[in-house]
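Each chain, letter by letter, is given below.
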Amino acid sequence: MSPAEAHAGGAGWFPAFGSRADGTAEPSGPAAHDGGPDHGPYLICLSYAGGTASVYRGWQRELAALGWRGRVVPVQLPGRGLRLRERPYTSMRQLGEAVAKAVADRFLPCDYSLFGHSMGALLAYEVACALRRGGAAGPRHLFVSGSRAPHLYGDRADHSLSDDELFRFVADLGGLGPEPSVGGAYFHQRLPTLRADLRACDGYRWRPRPPLPCPVTAFSGAEDQLAPESDVEAWRPYTSGSFLRRHLPGGHFFLNGPACSVLLREVRAELGRTHSGPGCATRPVTPSRNAAWTY
């Protein structure tokens, strides 16, 4: 059975990792909220290679403290967390289509934005493109973090590194966290999923298509060797709307460090600018100003 067939039901994509400002569990789908229908807005978050939805565990509380009244929706991809027994995808395009279908089935036509870090940024872009291809309402905003622009992927073969080489690669990027012994244990547990994610990234080949109409904000890390500043700046032509780039302190995993508080303030500011009020996003999908655009 292919991953697409195995995950066709869409169950498990959106675990309730979010929480209300008072710390109680927050459901992640359009459910009853304060006695009425819940129309969002939603911030749908996609993790880096080998990561889980728990990367975004504290974001609901942090954004609520900054005055945002929406819901953070971390996406749990197959092969990790409660979906550990499921086979992970090795094709970015197929994964993007599967996540797009899950988003459309669960949240549309509600107001939503997409956030992704590293592999998650590339996946968020593919999700937005897949939704547009299907005629669905696009995101209010696309946030891409710690990622090269899509056309710059496809020149690496990290998935083929030996276990020891891959361990050193992740360690050098700062991916083992502040306690390498604990991070090393997680690394070995997630190794098959990490390799599948890296294969999806290494095998990705961008196809020319019109830029997205939504605003894009890109975050780069000052010491990020995998996605340097110039490669993050290269996201600029991927939108026909506004483009902002924010340069933050830290390496590739600045998302997990002190810079995250600065990042969340920037995200909150942009969500405030792009959300026009409560309720669903009903704007039509408009064609690009240059439908023949190629990079």
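Further up the page is the structure itself.
Presented here is an overview of the structure given in this document. (Residues numbered from 1 in each chain as written. Predicted model: local features only at pLDDT ≥ 70, side-chain atom pairs only at ≥ 80, totals over all residues. Heavy atoms only, no water.)

Let us look at the sheet that holds strand β8 (residues 243-248). In a beta sheet, neighbouring strands are held together by backbone hydrogen bonds and run either parallel or antiparallel to one another. In space, the six strands of this open sheet follow the order β4-β3-β5-β6-β7-β8, with parallel pairing throughout. Both edges of this open sheet fall to β4 (71-74) and β8, since each of them pairs with a single strand only. Along the sheet, successive strands turn relative to each other by an average axial angle of 15°, direction set aside. Where strand β6 (residues 142-145) lies against strand β7 (residues 216-221), four bridges are found, and the strand directions are parallel. Paired with Leu142 across the bridge in β7 is Val216. Running over the sheet, helix α4 (residues 119-133) touches β3 (42-46), β5 (112-117) and β6 and is turned about 145° from β5. (Pairing = 2+ DSSP bridges. Helix = DSSP H or I, 4+ residues; strand = E, 2+ residues; numbered from the N terminus. Axes fitted to C-alpha atoms, helices over the stretch in contact; angles between N-to-C directions. Contact = heavy atoms within 4.5 Å.)

All right, on to the packing of aromatic side chains then. Geometry of an aromatic ring pair is reported as the spacing of the ring centres plus the angle between the planes. Inspection of every chain in the model, using the stated rule, returns 13 aromatic pairs. With a centroid separation of 4.8 Å and an interplanar angle of 85°, the aromatic rings of Tyr56 and Trp59 are classed as edge-to-face. We classify Tyr56 as buried; its relative accessible area is 1%. Grouped by ring-pair contacts, the aromatic residues Tyr56, Trp59, Phe115, Phe143 and Phe219 constitute a single cluster. Geometry around Trp13 places Arg83 over its ring, the cationic atom sitting 4.3 Å from the centre. Its end group placed over the ring of Tyr153, Arg148 keeps NZ or CZ at 4.4 Å from the ring centre. (Phe/Tyr/Trp six-rings, centres within 6.5 Å; stacked < 30°, edge-to-face > 60°. Buried < 20%, exposed > 50% of the residue type's maximum accessible area, 1.4 Å probe, protein only. Lys NZ or Arg CZ within 6 Å of the ring centre and 35° of its normal.)

Attention now goes to the nonpolar core. Grouped together as the largest cluster of nonpolar side chains are 83 residues, with contacts concentrated most on Trp13, Leu43, Ile44, Trp59, Phe115, Trp235 and Leu263. No other element matches the eleven residues that α4 contributes to this core. The residues contacting Leu263, other than those within four sequence positions of it, are Trp59, Phe115, Ser145, Phe219, Leu248, Phe254 and Leu255. (Core = buried A, V, L, I, M, F, W, Y, C linked by side-chain atoms within 4.5 Å.)

It is worth spelling out the pairing of β5 at this point. Where burial is concerned, most of β5 is hidden: six out of the six residues are buried. Looking at chain direction, β3 and β5 are connected through five bridges and run parallel. Its bridge partner lying in β5, Ile44 is registered against Leu114. Where β5 meets β6, four bridges bridge the pair, whose relative direction is parallel. Residue pairing across strands places Phe115 opposite Phe143, the latter belonging to β6.

This paragraph deals with α4. Taking 1.5 Å per residue as the helical rise, α4 with its 15 residues ought to reach 21 Å, and the 21 Å between its terminal C-alpha atoms agrees with that figure. Most of α4 sits inside the fold, with 13 of its 15 residues counted as buried. Downstream of α4 by a residue or two, Gly135 has a phi angle that is positive, lying close to 80°. (Expected span 1.5 Å × (residues − 1).)

A packed helix pair is summarised by two numbers, namely the angle formed by the two axes and the spacing between the axes. The contact between helix α3 (residues 92-106) and α4 brings their axes to 8 Å, and the two run at 65°. Judged by the twist between their axes, the crossing of α3 over α4 is right-handed. Each of Met92, Arg93, Leu95, Gly96, Glu97, Val99, Ala100, Val103 and Ala104 in α3 lies in contact with α4, whose residues at this interface are Met119, Leu122, Leu123, Glu126, Val127, Ala130, Leu131 and Arg133. Residue composition of the contact of α3 with α4, grouped by class: twelve nonpolar, one polar and four charged. (Left-handed = near helix turned anticlockwise from the far one by under 90°. Nonpolar A, V, L, I, M, F, W, Y, C, P; charged D, E, K, R; others polar.)

This part covers the pattern of salt bridges. Applying the stated criterion across every chain, the model contains 15 salt bridges. A salt bridge links Asp197 to Arg80; the nearest nitrogen and oxygen atoms lie 2.8 Å apart. Of this pair, Asp197 sits in helix α6 (residues 180-202) while Arg80 sits in the loop between β4 and α3; the two residues are 117 residues apart in sequence, bridging distant segments of the chain. Close ionic contact of Glu126 with Arg93 constitutes a salt bridge, the shortest N to O distance being 3.9 Å. Here the residue Glu126 occupies a position in helix α4, and Arg93 occupies one in helix α3, the gap between them amounting to 33 residues. Accessibility assignment for this pair places Glu126 and Arg93 in one class, buried. (Salt bridge = Lys/Arg side-chain N within 4 Å of Asp/Glu carboxyl O.)

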